[in-house]
Amino acid sequence: MEYITSRGFELPTDQHKMENFDWFNMWSNKNFPYHELLLGDTLYWFDTTAQKLVWKTEVVKVDRFPYSDKQEIFDRYPNSLGLKYYDSRPDSGYFVGYKIKVIEKINRDKPTGFRFPQLGWLRVDNEISQKWFNRNPIEDINILDDNISADDKTISEQLAFLNLKMQNVSPERIDKLVSMTIRKDTKIINALKKSADFKCQFPDCGQQIKKKGGGFYVEVAHVKSVSTGGQSVLGNLIVLCPNHHKEFDYGELSISEQTTDNLSGLLNGRQFEIKLTR
Ligand SMILES: [Zn+2]
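None of the values given here were measured: they were computed from a predicted structure.

Thresholds, definitions, all that
- Residues numbered from 1 in each chain as written.
- Predicted model: local features only at pLDDT ≥ 70, side-chain atom pairs only at ≥ 80, totals over all residues.
- Heavy atoms only, no water.
- Helix = DSSP H or I, 4+ residues; strand = E, 2+ residues; numbered from the N terminus.
- Buried < 20%, exposed > 50% of the residue type's maximum accessible area, 1.4 Å probe, protein only.
- Contact = heavy atoms within 4.5 Å.
- Areas by Shrake-Rupley, 256 points an atom, 1.4 Å probe, with all protein chains shown as cover.
- Pairing = 2+ DSSP bridges.
- Axes fitted to C-alpha atoms, helices over the stretch in contact; angles between N-to-C directions.
- Arc of directions from axis to C-beta.
- Donors = N, O, S within 2.8 Å, 3.2 Å for Na, K, Ca; no water.
- Tetrahedral: all angles 85-135°; square planar, octahedral: opposite > 155°, others 65-115°.
- pLDDT = per-residue confidence, 0-100.
- Core = buried A, V, L, I, M, F, W, Y, C linked by side-chain atoms within 4.5 Å.

Asks: How would you explain the overall build of the protein if you had to name every residue and give the values?
Replies: On a plain count of helices and strands, the protein comes out with ten helices and 13 strands. Counting only residues that meet the buried cut, the protein has 43% of its 278 residues in that class. Nonlocal contacts in the protein, meaning residues at least 24 apart in sequence, comprise 64% of its contacts between residues at least 6 apart. Carbon and sulfur atoms provide 47% of the accessible area of the protein, an area that totals close to 15,200 Å².

Here it is in structure tokens:
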């Protein structure tokens, strides 16, 4: 993950100072990103005095724990801002400390009209990406249509290939770019319909709707919905007739097992087990 973190003071201009510092936050609650921050995450540092991002760094150590003694933290993390900062923190709460390695020194202005959240942490999502880094998220998901040559692959090879590609499309991107994604996952969806013979995969259904112009109509449902982070990958896609699709979406559904081959659980009180691919 990538984050922007803001500091209300002048950040070191020296790489070694940045890297030797014991960086941390102390909060009375488990504020974001107390749980979320991980080794390998990218941190961009915003200097409020300069109103610029000044460092791009990588998290190389994370330490988090509840505390009830500030002095103890000060003793353990001497290379920090000093007692004055500790004094300003709550007497007890949650400590998250981190060490960073500099990736590069940068000099990037804050986008106009942007207001930093009070706690000074931002996750770099698509919107932040575009606002702060002028990155076009669409480029990141431009991965399917160009790469596949349908002719020289069997359906199951195509499915495996498309599945691999779709795994790189994060749920968050999909969520933000639903209309874009619908276009982008057409191929895996069509391949899946074909592999299911355009028949509903729900046990004992097998419904097939013949179209007047030829071919068959069938739908593909996301087991975990796109809006809750489900991806268009094997194991999360199921070929269903319109009735079973709606029952999946609106019925009482609990999944007991979900793999790329198998899906089983309870739908409106009925046990089901579905072979997803063959
Ligand atoms: Zn059905």
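Asks: Report on the sheet that holds strand E6 (residues 121–123), specifying residues and quantitative values.
Replies: In space, the six strands of this open sheet follow the order E2-E5-E4-E3-E1-E6, with mixed pairing throughout. Of all strands in the sheet, those bounded by a partner on one side alone are strand E2 (23–27) and E6. Put simply, the sheet's adjacent strands are angled 35° from each other on average, direction ignored. Pairing of E2 with strand E5 (residues 93–109) involves five bridges; the strand directions are antiparallel. Across the sheet, residue Trp 27 finds its bridge partner in E5, namely Tyr 94.

Asks: Tell me about helix H10 (residues 242–250), and please be specific about residues and values.
Replies: Buried within H10 are the following residues: His 244, His 245, Glu 247 and Phe 248. Along H10, the residues classed as buried sweep out an arc of 165° about the axis, all on the same side. Exposed side of H10, more than 90 degrees from the buried face: Asn 243 and Tyr 250 are the residues found there.

Asks: Please provide a residue-by-residue account of the coordination of the zinc ion, values included.
Replies: At this site the zinc ion is bound by Cys 200 (SG), Cys 205 (SG), Cys 241 (SG) and His 244 (ND1), with donor distances of 2.0 to 2.3 Å. Here the zinc ion binds four donor atoms, and the angle range of 104 to 117° at the metal identifies the geometry as tetrahedral. Binding-site remark: the zinc ion is held by donors from one chain whose sequence spacing is C-x4-C-x35-C-x2-H. On the criterion of sequence distance, the pair formed by Cys 200 in the loop between helix H9 (186–195) and strand E7 (209–210) and Cys 241 in the loop between strand E10 (237–240) and H10 is long-range, its members being 41 residues apart. By the burial criterion, Cys 200 is buried, and Cys 241 matches it.

Asks: So what about the environment of Thr 112? Which residues, and what values?
Replies: Here Thr 112 shows up in the loop between E5 and E6. In this structure the C-alpha to C-alpha distance between Thr 112 and Lys 131, which are 19 residues apart in sequence, comes to 9.0 Å.

Asks: Before we move on, could you go through the confidence of the model for the protein and cite the residues and values that matter?
Replies: With 84% of its residues at a pLDDT of at least 70, the protein reaches an overall mean of 82. Confidence over residues 137–150 falls short of pLDDT 50; this stretch has 31 contacts with residues more than four positions distant or in other chains. Counting contacts from residues 175–183, a segment whose pLDDT is below 50, to residues more than four positions away or on other chains yields 14 contacts.

Asks: Explain the pairing of strand E1 (residues 2–7) to me, and be specific about the residues and the numbers.
Replies: Of all six residues that make up E1, five are buried, and the element is covered over most of its length. By the bridge criterion, six bridges tie E1 to strand E3 (residues 42–47) in an arrangement that is parallel. Pairing of Ile 4 across the sheet is with Tyr 44, part of E3. With three bridges joining them, E1 and E6 adopt antiparallel strand pairing. The partner of Ile 4 across the bridge, within E6, is Leu 122.

Asks: Can you tell me about the environment of Phe 95, naming the residues and giving the values?
Replies: Relative to the elements of secondary structure, Phe 95 occurs in strand E5. Here Phe 95 falls in the buried class, since its relative accessible area comes to 0%. Sequence separation of Phe 95 and Met 26 is 69 residues, and the distance between their C-alpha atoms is 4.6 Å. In this structure Phe 95 touches Phe 24, Asn 25, Met 26, Tyr 34, Asp 63, Arg 64, Phe 65, Tyr 67, Ile 73 and Tyr 77, once residues within four positions along its chain are discounted.

Asks: Tell me what's going on with the side chain of Asn 262, and back it up with residues and numbers.
Replies: Tracing the backbone shows Asn 262 in strand E12 (residues 262–267). Here Asn 262 falls in the buried class, since its relative accessible area comes to 15%. Once residues lying within four places of it in the same chain are set aside, the contact partners of Asn 262 are Glu 257, Glu 273, Ile 274, Lys 275 and Leu 276.

Asks: Just give me the short version of the nonpolar core, but keep the residues and values in it.
Replies: If you look at soluble globular proteins, the nonpolar side chains tend to sit buried side by side. Trp 23, Leu 37, Leu 43, Trp 45, Tyr 98 and Ile 100 are the most contacted members of the largest nonpolar core, which totals 18 residues. Looking at this core, the elements with two or more residues in it are E2, E3, strand E4 (52–67) and E5. The biggest single contributor to this core is E5, with four residues. Once residues lying within four places of it in the same chain are set aside, the contact partners of Trp 23 are Arg 7, Phe 9, Leu 11, Pro 12, Met 18, Trp 45, Val 96, Gly 97, Tyr 98 and Ile 100. Counting 13 residues, the second-largest nonpolar core is a separate cluster that includes Ala 221, Ile 238, Leu 240 and Phe 248.

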